[in-house]
Amino acid sequence: MTDRVPLERKVLNENDRIAAELRARFRENGILCLNLISSPGAGKTSLLERTLGTMAPGTRVAVLTGDIQTDNDARRLARFGFPVKQITTGGTCHLDARMIERALADWKLADLDLLLIENVGNLVCPSSYDLGEAAKIVLLSAAEGDDKPLKYPSIFFRAALLVLNKIDLLEHVPFDIARARENARRIQPKIEILEVSCLTGAGLEAWHGWLDHRCQRAQMEAALPAG
Ligand SMILES: Nc1nc2c(ncn2[C@@H]2O[C@H](COP(=O)(O)OP(=O)(O)O)[C@@H](O)[C@H]2O)c(=O)[nH]1
Ligand SMILES: [Mg+2]
């Protein structure tokens with residue numbers, strides 16, 4: 001038991017090293033990489049379906065989607081015609097940087113502008129593993145309870161954006177959206193927050209706007225000297 005903490009630190013250090021290499025490669029190629037994290041069923045794949053569904057053919061976007069078992073999500077996303085790869089972790093509750101590195105081995109990064117990663121459904125483990133992303137995005141759905149930012153602070157602390165999904169359910173569930181926002185800002189005052197419904201499409205223009213803005217920023221950063 002006493003050896004456990006140093007071992008975990010070593011694993012995380014090794015992960016950070018690979019993630020830093022990935023981040024440098026993404027930057028070199030002007031790629032915006034986003035890491036989507038939520039509990040199972042909050043709507044990560046649905047948000048990706050909505051996102052890919054509005055993209056013109058030829059858009060330089062690709063998706064990696066992680067799950068413990070099955071390639072269901074990859075099959076849901078492949079129908080849009082963009083490169084999609086499933087990473088099946090076989091029991092591991094999060095993606096790590098090595099899995100991303102392996103999954104990218106046969107893709108040409110120079111052909112991409114946007115890499116969207118759907119992490120394994122879990123609000124705890126994925127928050128500790130840097131995948132080289134420019135930003136973590138946490139999704140929380142109205143079905144899950146407005147106290148979740150307080151119960152799982154780590155991911156709300158690390159995410160740049162909170163997507164509050166399933167707002168179409170607000171009239172049916174005792175989810176206080178103002179309290180959810182307030183709880184998230186108690187953990188991280190600067191977190192950006194969007195309210196959407198992937199079912200009805202409400203709020204998704206703001207999501208597309210956020211994405212466009214971040215893509216432009218990634219392109220501009222790639223044009224600057226490294227450092
Ligand atoms: N009512 C409602 N259901 C949604 C919404 N977004 C996703 N869902 C449903 O929630 C379930 C889980 O969604 P999914 O995208 O697979 O979640 P993931 O596990 O986070 O990838 C599916 O049945 C979706 O159709 C939404 O905005 N409103
Ligand atoms: Mg999914």
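Shown above is the structure to which this text applies.
These numbers come from a predicted model, not from an experiment.

*Asks:* It is not clear to me how the site of ligand 1 should be interpreted in this structure. Could you clarify?
*Replies:* If you check the shell around ligand 1, you find 16 residues, and the closest are G43, K44, T45, S46 and L199. Here the residues of the shell around ligand 1 are counted per class, giving 5 nonpolar, 8 polar and 3 charged.

*Asks:* Help me understand the packing of helix α1 (residues 4–28) against helix α4 (residues 97–104), please; the structure alone is not making it clear to me.
*Replies:* Packing of α1 against α4 leaves a shortest axis separation of 8 Å and a crossing angle of 40°. In terms of orientation, α1 and α4 fall into the oblique class. Within the contact between the two elements, α1 uses N15, I18, A19 and L22 and α4 uses A97, R98, I100 and E101. Residue classes in the contact of α1 with α4 are distributed as 5 nonpolar, 1 polar and 2 charged.

*Asks:* Which parts of the structure should I look at to understand the nonpolar core?
*Replies:* Nonpolar side chains in soluble globular proteins generally cluster together in the buried interior. In this structure, L116, I117 and V138 are the most contacted members of the largest nonpolar core, which totals 54 residues. The element best represented in this core is strand β1 (residues 32–37), accounting for 5 residues. Once residues lying within four places of it in the same chain are set aside, the contact partners of L116 are L34, L36, L48, V61 and V63.

*Asks:* Help me out: how do you make sense of the pairing of strand β7 (residues 192–195) in this one?
*Replies:* Side chains on a regular strand alternate between the two faces of the sheet. As defined by bridge partners, strand β6 (residues 161–165) adjoins β7 across 4 bridges and the pair is classed as parallel. For L162, the partnering residue across the bridge sits in β7 and is I193. Chirality of the crossover, the property in question, places the unit of β6, helix α7 (residues 177–187) and β7 among those that are right-handed.

*Asks:* Can you help me understand α7 in this one?
*Replies:* Side chains that are three or four residues apart share a direction in an α-helix, a result of its 3.6 residues per turn. Among the residues of α7, A180, N183 and A184 are the ones counted as buried. The arc enclosing the buried residues of α7, seen along the axis, measures out at 100°, which places them on a common side. Seen from the open side of α7, the exposed residues pointing more than 90 degrees away from its buried face are A178, E182 and R186. Lining the buried residues of α7 we find β5 (135–141), α5 (148–151), α6 (153–158), β6 and β7.

*Asks:* Sorry, what's going on with the environment of L199 here?
*Replies:* Structurally, L199 can be placed in the loop between β7 and α8 (204–223). With 14 C-beta atoms counted inside 10 Å, the residue L199 sits in the partly exposed group. Spatially, the C-alpha atom of L199 lies 22 Å from that of N122, the residues being 77 residues apart in sequence.

*Asks:* Teacher, can you tell me more about the environment of D168 here?
*Replies:* As for its position among the elements, D168 is in the loop between β6 and α7. With 15 C-beta atoms packed within 10 Å, D168 lands in the partly exposed category. Residues D168 and M99, 69 residues apart in the sequence, show an inter-C-alpha distance of 35 Å. Sequence-distant contacts of D168, that is, excluding residues within four places in its chain, are made with S197, L199, T200 and A202.

Analysis parameters
Residues numbered from 1 in each chain as written. Chains lettered and ligands numbered in written order. Predicted model: local features only at pLDDT ≥ 70, side-chain atom pairs only at ≥ 80, totals over all residues. Near = placed C-beta within 6 Å. Nonpolar A, V, L, I, M, F, W, Y, C, P; charged D, E, K, R; others polar. Axes fitted to C-alpha atoms, helices over the stretch in contact; angles between N-to-C directions. Helix = DSSP H or I, 4+ residues; strand = E, 2+ residues; numbered from the N terminus. Parallel < 35°, antiparallel > 145°, perpendicular 65-115°, else oblique. Contact = placed C-beta atoms within 7 Å. Core = buried A, V, L, I, M, F, W, Y, C linked by C-beta atoms within 7 Å. Buried ≥ 20, exposed ≤ 12 C-beta atoms within 10 Å, placed from the backbone. Pairing = 2+ DSSP bridges. Right-handed = clockwise from strand over helix to strand, strands pointing away. Arc of directions from axis to C-beta.

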